[in-house]
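# Coordinate inspection notes
Here is how the chains run, residue by residue.
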Amino acid sequence: MDIRSRRPTTKGAAETFTGDVWIDSIVQGEEPSRVRVNLVRFTPGARTARHSHALGQTLYVSEGVGRVQSRGEEITEIRPGEVVFTPSDEWHWHGAAPDNFMAHFSITEGVGDSPKPEADWGAHVTDAEYRGTP
Ligand code: MN
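Attention here is on the structure that accompanies the text. (Residues numbered from 1 in each chain as written. Predicted model: local features only at pLDDT ≥ 70, side-chain atom pairs only at ≥ 80, totals over all residues. Heavy atoms only, no water.)

Taken in spatial order, the six strands make up an open sheet running E1-E3-E4-E12-E7-E10, and their pairing is antiparallel. What marks the edges here is a single partner per strand, and that holds for strand E1 (10-11) and strand E10 (83-86). The sheet contact formed by strand E7 (residues 57-64) and strand E12 (residues 102-109) spans six bridges and is antiparallel. Its bridge partner being in E12, Tyr60 is matched across the sheet by Phe105. (Pairing = 2+ DSSP bridges. Helix = DSSP H or I, 4+ residues; strand = E, 2+ residues; numbered from the N terminus.)

Moving on to the side chain of His94. For His94, the position within the fold is in strand E11 (residues 92-96). Residue classification places His94 among the buried residues on the basis of a relative accessible area of 3%. Separated by 3.0 Å, the side chains of His94 and His104 make a polar contact. Apart from residues no more than four positions distant in its own chain, His94 is found in contact with Phe42, Arg47, Thr48, His51, His53, Gln57, Leu59, Arg67, Val68 and His104. (Buried < 20%, exposed > 50% of the residue type's maximum accessible area, 1.4 Å probe, protein only. Polar contact = N/O pair within 3.5 Å; in protein donor to acceptor, adjacent residues only side chain to side chain. Contact = heavy atoms within 4.5 Å.)

Below, the discussion takes up the layout of surface pockets. By volume, the largest pocket amounts to about 390 Å³. Forming the walls of the largest pocket are 21 residues, and the residues nearest its centre are Ile23, Asn38, Ser106, Glu118 and Trp121. Residue composition of the lining of the largest pocket, grouped by class: seven nonpolar, twelve polar and two charged. What the second largest pocket holds in volume is close to 240 Å³. Lining the second largest pocket are Arg4, Ser5, Arg6, Arg7, Pro8, Asp24, Ser25, Ile26, Val27, Gln28, Gly29 and Glu30. Its residues assigned to classes, the lining of the second largest pocket comprises three nonpolar, four polar and five charged. (1 Å grid on protein atoms, 1.4 Å probe; cavity = no way out; pocket = protein on both sides within 12 Å on 5 of 7 lines; lining within 4 Å. Points joined across faces, edges and corners; volume = space filled by probe spheres on them. Nonpolar A, V, L, I, M, F, W, Y, C, P; charged D, E, K, R; others polar.)

Pairing geometry for strand E4 (residues 35-42) and E12, over eight bridges, is antiparallel. What sits directly across from Val35, in E12, is Glu109.

A separate point is the nonpolar core. In a soluble, globular protein the nonpolar side chains are often hidden away together inside. Membership of the largest hydrophobic core comes to 13 residues, with the highest contact counts inside it found for Phe17, Val21, Ile23, Val40, Phe42, Ile78 and Met102. Those elements giving two or more residues to this core turn out to be strand E3 (21-28), E4 and E7. (Core = buried A, V, L, I, M, F, W, Y, C linked by side-chain atoms within 4.5 Å.)

This part takes up the pattern of salt bridges. One pass over the structure, following the stated rule, counts nine salt bridges. Taking the shortest distance from any N to any O, the salt bridge between Asp2 and Arg4 comes out at 2.8 Å. Residue class for Asp2 comes out exposed when judged on its relative accessible area of 52%. The shortest N-O distance in the salt bridge between Arg47 and Asp127 comes to 2.8 Å. You can see Arg47 sitting in strand E5 (residues 47-48) and its partner Asp127 sitting in helix H1 (residues 127-131), a full 80 residues away along the chain. Judged by relative accessible area, which is 4%, Arg47 ranks as buried. Here the salt bridges share partners, and the residues they tie into one network are Asp2, Arg4 and Glu30. (Salt bridge = Lys/Arg side-chain N within 4 Å of Asp/Glu carboxyl O.)

Dropping the structure here:
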């Protein structure tokens, strides 16, 4: 058994997030495991840019009220206890609701020696796109 001390919380990069987002790395699996678990906290209105995950992503909402949207689908409100699975290579974004914080655990898998990154990032979600009614 190994009880590890907390690693520093890091701020989500402006290239991939809008607004203030803070990330705690909880698990970074050592080979052959590739699991990655992050606790991600979004301030009200903060959200990811559009992106996809090479091996999909599971989100577990732990706090607050949030929003998710996959390409071509409506914005959906998410709340604590809900589990959101996004399949491999499906473009989407996730974030807080406009007037609430939101925290979720993100579970993804690294892609080992592949040149393909775990996530592929695209455009930011504009304010108008974000305001679409959930
Ligand atoms: Mn995602």
